[in-house]
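Secondary and tertiary structure notes
This is what each chain is made of:
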Amino acid sequence: MAEVELKFELAPGAHAAFRRLAPMAEAKARNSRLLALYFDTPDFELRARRMALRLRRSGRHWVQTLKAGHSGAGGLHAREEWEFARPQPSLDLALLVASPLGNEPGLEERLGEVFQVDLRRTTWEIEVSPGNRVEVALDRGEVSRSGESEPVAEVEIESLTGDPLAVFELAGQLVDHAPLRPSAVTKAQRGYRLARGEAPGSVKAQPVALDAAQSPGQAVRVVLAAALEQLQANEPGVLEDGDPEYLHQYRVALRRLRSALRVFRKVIEPEFESHARAELRWIAQATGPSRDWDVLATQTLPPILRACGDVHAARSLRSRVGFRRKAARAGLREAIGSPRYARLVLWLARWLATPPAQSLGAAELLPEFAARVVGKGHKRLVTGARQLSALAPAERHRLRLEAKRLRYALEGFQSLLRRKRFAAYREVLSEIQDDLGRANDAAVATRLLGELDLPAPIANFIGGWLAAEAHSSVALLERHEARLAAARPPQRRN
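Anyway, here's the lowdown on the structure attached to this text. (Residues numbered from 1 in each chain as written. Predicted model: local features only at pLDDT ≥ 70, side-chain atom pairs only at ≥ 80, totals over all residues. Heavy atoms only, no water.)

Moving on: the overall build of the chain. Summing up its helical and strand segments, the chain has 16 helices and 9 strands in all. Taking 23 Å as the expected radius of gyration for a compact globule of 494 residues, we find that the chain reaches 26 Å, a close match to that expectation. For the chain, the C-alpha atoms occupy an extent of roughly 75 × 60 × 50 Å along the three principal directions. The proportion of buried residues among the 494 residues of the chain is 47%. Sequence separation of at least 24 residues holds for 73% of the intrachain contacts in the chain that already meet a minimum separation of 6. When the accessible surface of the chain is totalled, it reaches about 23,900 Å², and 51% of it is carbon and sulfur. For the chain, the separation between the mean place of its 74 positive charges and that of its 60 negative charges on side chains is 5 Å. (Helix = DSSP H or I, 4+ residues; strand = E, 2+ residues; numbered from the N terminus. Rg over C-alpha atoms; globule rule 2.2 N^0.38 Å. Buried < 20%, exposed > 50% of the residue type's maximum accessible area, 1.4 Å probe, protein only. Contact = heavy atoms within 4.5 Å. Areas by Shrake-Rupley, 256 points an atom, 1.4 Å probe, with all protein chains shown as cover. Lys, Arg positive; Asp, Glu negative; His and termini not counted. Charge placed at Lys NZ, Arg CZ, Asp CG, Glu CD.)

What follows deals with the environment of Ala327. Mapped onto the secondary structure, Ala327 falls in helix H10 (residues 311–336). A sequence separation of 162 residues divides Ala327 from Leu165, and the C-alpha atoms of the two residues are 38 Å apart.

Once that is clear, we can look at the pattern of salt bridges. In the structure shown here, the tally under the stated rule is 34 salt bridges. Between Glu125 and Arg133 there is a salt bridge, with the nearest N and O atoms lying 3.7 Å from each other. Classification of Glu125 as partly exposed rests on a relative accessible area of 36%. We classify Arg133 as partly exposed; its relative accessible area is 29%. With a closest N to O distance of 3.0 Å, Arg407 and Glu411 form a salt bridge. (Salt bridge = Lys/Arg side-chain N within 4 Å of Asp/Glu carboxyl O.)

What follows concerns empty space enclosed by the protein. Under the defined criterion, the tally for this structure stands at 1 cavity of 30 Å³ or more. Considering only enclosed or pocket space, the largest cavity measures out at about 30 Å³ in volume. Taken together, Leu224, Leu228, Leu257, Phe272, Leu348, Trp351 and Leu352 form the lining of the largest cavity. Of all the elements in the fold, those that place two or more residues in the lining of the largest cavity are helix H7 (216–240) and helix H11 (339–353). (1 Å grid on protein atoms, 1.4 Å probe; cavity = no way out; pocket = protein on both sides within 12 Å on 5 of 7 lines; lining within 4 Å. Points joined across faces, edges and corners; volume = space filled by probe spheres on them.)

Their axes nearest at 9 Å, the elements helix H8 (residues 244–263) and helix H9 (residues 270–308) cross at an angle of 150°. Here H8 is positioned roughly antiparallel relative to H9, judged by the angle of their axes. Here the hand of the crossing between H8 and H9 comes out left-handed. Taken together, the residues that form the contact of H8 with H9 break down as 11 nonpolar, 5 polar and 7 charged. (Axes fitted to C-alpha atoms, helices over the stretch in contact; angles between N-to-C directions. Parallel < 35°, antiparallel > 145°, perpendicular 65-115°, else oblique. Left-handed = near helix turned anticlockwise from the far one by under 90°. Nonpolar A, V, L, I, M, F, W, Y, C, P; charged D, E, K, R; others polar.)

So, on to the pairing of strand S8 (residues 148–161). Relative to S8, strand S7 (residues 132–145) is paired through 13 bridges, and the arrangement is antiparallel. In the strand pairing of S8, Leu138 is matched with Val155. Taking the residues that link successive antiparallel strands as the turn, the S7-S8 hairpin has 2 residues, and the phi of Ser146 there is positive, at about 50°. (Pairing = 2+ DSSP bridges.)

Time to look at the environment of Leu257. Assignment of secondary structure puts Leu257 in helix H8. Measuring from C-alpha to C-alpha, the distance between Leu257 and Leu280 comes to 8.0 Å, with 23 residues separating the pair along the chain. Among all residues touching Leu257, those that are not within four sequence positions of it are Leu224, Ala227, Leu228, Leu231 and Leu280.

Here the focus is helix H12 (residues 366–384). The end-to-end C-alpha distance of H12, which contains 19 residues, comes to 27 Å, matching closely the 27 Å that a straight helix rising 1.5 Å per residue would cover. Within H12, the full set of buried residues consists of Leu366, Pro367, Phe369, Ala370, Val373, Val374, Gly377, His378 and Leu381. Viewed along the axis of H12, the buried residues span an arc of 165°, placing them on a single side of the element. Contacts from the buried residues of H12 go to H7, H8, helix H13 (393–412), helix H14 (419–450) and helix H16 (478–486). (Expected span 1.5 Å × (residues − 1). Arc of directions from axis to C-beta.)

On to the pairing of strand S2 (residues 29–40), then. Looking along a regular strand, one sees side chains alternate from face to face of the sheet. Inspection of the sheet shows S2 paired to strand S6 (residues 112–129) by 12 bridges, in the antiparallel sense. Residue Arg30 lies in a different strand from S6, and its bridge partner there is Thr123. With 6 bridges joining them, S2 and strand S3 (residues 51–58) adopt antiparallel strand pairing. Counted as the bridge partner of Phe39 is Leu53 from S3.

Written out as structure tokens, the structure reads:
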């Protein structure tokens, strides 16, 4: 049977307050101790096949479980599951002959324990509405492997009877009153990170695999789910790590989400599209100041300060920029930790879990849809790029956004387009973005440094440097107009 649940990270120290929330306070709590042993081959074959095999003890009872499939984004997890009671902590793969694991000769001999999960779990059964019952589980404990460990503080909400989407109804109530953040990370993923010694790092966008037989209404769910997965994968780094690359990739994911809503807007329910677009604009705007100060501090300012020759002024300016950068990041963390943001992620996840309406976009084949979208985007960009170097800064910024939108649409449709032209055309778009981006970075730096009321000597030096940088970047734009007009966007595959 398929397991469908919502998973949340719970802020440290919030367990007692969570228990006191009305839905839990009014239901009977059950407490248990869970120990789970996870198994795989030395080369992590099961993980590569998106499987997790475990033995879990609850009280005196052991259960063997195999989960298969990809965990979803937005806190929504839907995986196939096979469970069997076991009299002792030993595997019996013969029980899994009907699963994707099948009956592989010699596999059982190659399996070994790779990590453990030790938890204290409290569960409540709650009737959300007549006929719709869910289970809420509060887990506290750790994932461990060879002396290393990672703490676990999670809440899971799983449908028991009735409408599976009732989990979202309860989740919407809880995020308004508890510090819960929808999570795409499973306990198995935490354990494998320890087992493989994987260091945390930012996550870039991965190619989206679309099927030409899909309708546009089905394809948009694949594209949005991939972007939401990238967004959530970079969230912990934005919240906990100072590396600006996390925020950069987080913003890339936001732009991919917003681009997909724009591209597919005619095959998306208007109410969902309007609400999602407004809320994604809100969180995107919340990321802007932090990203601007990141770019100034780590990219734009360092070469300027190395050249200025005034060590004292450079040190003072770095400190002031660092202070503003820290304040901007604090504001962003507050936004990501807010109930509003949690509701946005749940809104996206609920829509992804709902089958598409057959009436939206069913008449057009996906390859034709993709070719039409890319072709129209190309024409808009060519028109906007006329006399590119003569455009005002605001016009160049709008053109840069058009190039980004077209690039994200192009990358989303990559599996449907001819490879021969794809790479060359994407390179054209990337170079336009880069040149327009340098000019924009200089304009943003000028604005931010103007807020700091700098002493005249260093203000004049930096102002001259940034003006020269902007002029140089604009001069480079002249090469793009003819090149873009001659470029041929990739066509659909036959």
